[in-house]
Amino acid sequence: MIRPCTQADFEAIWQIINDAAQAYQGVIPADRWHEPYMSKVQLQREIDDGVRFWGFDSDDGLLGVMGVQDKGEVNLIRHAYVKTAHRRKGIGAQLLGFLESRCDKPILVGTWADARWAVSFYQKHGYRLLGTQEKNALLRKFWSIPPRQVETSVVLANAKWRGVGRP
Ligand SMILES: CC(C)(COP(=O)(O)OP(=O)(O)OC[C@H]1O[C@@H](n2cnc3c(N)ncnc32)[C@H](O)[C@@H]1OP(=O)(O)O)[C@@H](O)C(=O)NCCC(=O)NCCS
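Residues numbered from 1 in each chain as written. Predicted model: local features only at pLDDT ≥ 70, side-chain atom pairs only at ≥ 80, totals over all residues.

All right, on to helix α3 (residues 91–102) then. End to end, α3 covers 17 Å across 12 residues, agreeing with the expected 16 Å (1.5 Å per residue, within 8%). Among all positions in α3, only G92, L95 and L96 are buried. All buried residues of α3 fall inside an arc of 95° around its axis, so they share one side. The outward face of α3, more than 90 degrees from its buried face, is lined by the exposed residues G97 and S101. Buried residues belonging to α3 abut β1 (2–4), β2 (52–58), β3 (61–70), β4 (75–82) and α4 (116–124). (Helix = DSSP H or I, 4+ residues; strand = E, 2+ residues; numbered from the N terminus. Expected span 1.5 Å × (residues − 1). Buried ≥ 20, exposed ≤ 12 C-beta atoms within 10 Å, placed from the backbone. Arc of directions from axis to C-beta. Contact = placed C-beta atoms within 7 Å.)

Near the ligand there are 20 residues, and of these R87, G92, A93, W117 and F121 occur at the shortest range. Contributing elements (two or more residues each) for the shell around the ligand: β4, α3, β5 (107–112) and α4. The dominant element in the shell around the ligand, judged by the number of residues it contributes, is α4, at five residues. Of the residues belonging to the shell around the ligand, the class tally is 12 nonpolar, four polar and four charged. (Near = placed C-beta within 6 Å. Nonpolar A, V, L, I, M, F, W, Y, C, P; charged D, E, K, R; others polar.)

The omega torsion across E35 and P36 is -5°, close enough to zero to call that bond cis. Residue placement: P36 occurs in the loop between α1 (10–20) and α2 (40–48). Residue H79 is not a glycine yet carries a positive backbone phi of 55°. Tracing the sequence through the fold places H79 in strand β4. Even without being a glycine, R88 presents a positive backbone phi close to 60°.

Core analysis: the largest hydrophobic core is formed by 33 residues, its most contacted members being I77, Y81, L108, V109, V155, L156 and A157. Among the elements that take part in this core, β4 stands out by supplying five residues, more than any other. (Core = buried A, V, L, I, M, F, W, Y, C linked by C-beta atoms within 7 Å.)

Here is the structure:
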């Protein structure tokens, strides 16, 4: 079952993010890795900044989370994480499909360039990788991330995205 997360889920969201983010260790640039990957302060900052988390719930509790952030002309998918032990069973696909069904606007998603599995996950769902100039501009416009993260990240867009300023 997919449901909106509440403040009562904060600890579970934080645990899922830091469990799933282990996939990045040794893959993303070493200077971008830290443990825990996301602190509670950072997570709360993201929620305060408008990231709304949805969770895939089961008898065993939340197994995956995905956030959506409304940025006016676009929606961003933020912080998509499925517990390590529950990957590749379609949970990510269900969460993504659910959020897409609620979003009329174009959807953009940013991830580490080195996270090839994540790029392939989104490509499988019809997202296309944007060129370097466009992704740099979008990351600066819609995300609040340090320059080094802009450099080492990619942006994928769904079919509704026509590019900056295009109808
Ligand atoms: C990316 C992620 C959210 C996808 O969730 P999921 O429930 O595993 O995804 P699904 O089962 O719906 O889809 C599986 C597809 O995702 C991709 N994928 C997921 N994990 C993968 C892995 N370890 N290796 C290669 N491909 C992988 C593949 O395309 C896979 O399809 P396949 O099994 O037919 O090869 C999840 O793998 C995850 O949390 N990864 C670690 C954190 C991360 O990269 N988050 C993305 C941040 S934007």
